[in-house]
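Examination of the molecular architecture
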Amino acid sequence: MRPHVVLFSPFFRPLEFGAELFARKIVEYLEGLVTFSVITLRVERSWPAEEALGPHARLYRVGPGRGVGGRYAYPWWALRKARWLPPPALVHGVLETFAGYPTWQLKRRAGVPSILTLQLGRDLSDLLRRTWWAYPVVRRVYTNADRVTVPSAFIAGHASAMGVDSVRVRVVPNSVDP
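What counts and what doesn't
- Residues numbered from 1 in each chain as written.
- Predicted model: local features only at pLDDT ≥ 70, side-chain atom pairs only at ≥ 80, totals over all residues.
- Heavy atoms only, no water.
- Helix = DSSP H or I, 4+ residues; strand = E, 2+ residues; numbered from the N terminus.
- Rg over C-alpha atoms; globule rule 2.2 N^0.38 Å.
- Buried < 20%, exposed > 50% of the residue type's maximum accessible area, 1.4 Å probe, protein only.
- Contact = heavy atoms within 4.5 Å.
- Areas by Shrake-Rupley, 256 points an atom, 1.4 Å probe, with all protein chains shown as cover.
- Lys, Arg positive; Asp, Glu negative; His and termini not counted.
- Charge placed at Lys NZ, Arg CZ, Asp CG, Glu CD.
- Arc of directions from axis to C-beta.
- Pairing = 2+ DSSP bridges.
- Axes fitted to C-alpha atoms, helices over the stretch in contact; angles between N-to-C directions.
- Core = buried A, V, L, I, M, F, W, Y, C linked by side-chain atoms within 4.5 Å.
- pLDDT = per-residue confidence, 0-100.
- Salt bridge = Lys/Arg side-chain N within 4 Å of Asp/Glu carboxyl O.

Check the secondary structure of the protein and you find 6 helices and 8 strands. Along the chain direction, N to C, the helices and strands of the protein fall in the order β-α-β-β-β-α-β-α-β-α-α-β-α-β. Its C-alpha atoms give the protein a radius of gyration of 15 Å, near enough to 16 Å, the size a compact globule of 178 residues would have. Across its three principal axes, the protein shows a C-alpha extent of roughly 40 × 35 × 35 Å. When the 178 residues of the protein are sorted by exposure, 46% land in the buried category. The long-range share in the protein, meaning contacts at least 24 apart out of those at least 6 apart in sequence, stands at 58%. A total of about 8900 Å² of accessible surface is found on the protein, and carbon and sulfur atoms cover 58% of it. Here the protein contributes 24 positively and 13 negatively charged side chains, and the mean placements of these two sets differ by 8 Å.

Before going further, it helps to spend a moment on helix α6 (residues 153-161). For α6, the complete set of buried residues consists of Ile155, Ala156, His158 and Ala159. Seen along its axis, α6 keeps its buried residues to an arc of 145°; they face one direction. The outward face of α6, more than 90 degrees from its buried face, is lined by the exposed residues Ala153 and Ala161. Next to the buried residues of α6 lie α4 (124-130), α5 (135-143), β7 (147-150) and β8 (169-171). Glycine 163 occupies a position one or two residues after α6 and carries a positive phi of about 100°.

In this section: the sheet that holds strand β4 (residues 57-62). Read across the sheet, 8 strands follow the order β3-β4-β2-β1-β5-β6-β7-β8 without closing on themselves; strand pairing throughout is mixed. Single-partner strands in this sheet number two, and they are β3 (50-54) and β8. Along the sheet, successive strands turn relative to each other by an average axial angle of 20°, direction set aside. Sheet topology note: the strand β6 (residues 114-117)/β7 ladder contains 3 bridges and is parallel. Directly across from threonine 117, in β7, lies its bridge partner threonine 149. Sheet contacts for helix α3 (residues 96-110): β1 (4-8), β5 (90-94) and β6; angle to β5, the most-contacted strand, approximately 165°.

Before going further, it helps to spend a moment on the nonpolar core. In summary, soluble globular proteins display a tendency toward joint burial of nonpolar side chains. Membership of the largest hydrophobic core comes to 20 residues, with the highest contact counts inside it found for Val6, Phe8, Ile39, Tyr74 and Leu106. When residues of this core are traced back to their parent elements, those giving at least two are β1, β2 (35-41), β4, α2 (74-82) and α3. Top contributing element to this core by residue count: α2, with 4 residues. Each residue touching leucine 106, except ones within four places of it in the same chain, is listed here: Val6, Phe8, Leu79, Ala82, Pro88, Val91 and Gly111. Core analysis: the next-biggest nonpolar cluster, separate from the first, contains 19 residues, Leu116, Leu127, Val138 and Val164 among them.

Quick look at the confidence of the model for the protein now. Averaged over every residue, the pLDDT of the protein is 88; the share at 70 or more is 95%. α4 is the least confidently modelled element of the protein, averaging 75 in pLDDT, while β1 averages 97, the highest of any element.

Tallied over the full model, the rule gives 6 salt bridges. One salt bridge in this structure joins glutamate 51 and arginine 61, with 2.8 Å as the shortest N-O distance. Taken as a pair, glutamate 51 in strand β3 and arginine 61 in strand β4 lie far apart in primary sequence, 10 residues in all. For the pair glutamate 51 and arginine 61, a shared accessibility class is recorded, and that class is buried. As a salt-bridge pair, aspartate 146 and lysine 107 come within 2.7 Å of each other at their nearest N and O atoms. Taken together, the residues aspartate 146 in the loop between α5 and β7 and lysine 107 in helix α3 connect sequence positions 39 residues apart. Given a relative accessible area of 16%, lysine 107 falls into the buried group. Here the salt bridges share partners, and the residues they tie into one network are Arg13, Glu51 and Arg61.

Structure representation (structure tokens):
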């Protein structure tokens, strides 16, 4: 039986930016070795709630389909959906602001390793100013990942500032195939 990977990515096809392209390439390259369940936001109601990405990969869209405003509830919808999937061997979250919390919680519940891909390109102080009330949770999202991938040394500095040991951080530029 193939290992099962749950990949949280608040945006996925048809909405693809650098981080989402990175996530899609991971699924394409590794699908022959593992089974993927990708959980993303349902931005448009007309988008299917579930579709096949390949013979061993499924895409699940969560939320009511009322635009990107639903991204704020994405962590809870995604975690709820993950409970109905087969137990994972690995959890990967792409975009720490929205996928970080469900990644941390599923890792904790399933007792499996996790990867967190950071993409916050602006100054870290902006995030901390807006989430001061949840700082302990935000810090745990960063520090509980077994591996942290970042697209640049600048964002690697965010991980370091949040307490992530540098040996757990890998720089993988968005323009490079994983």
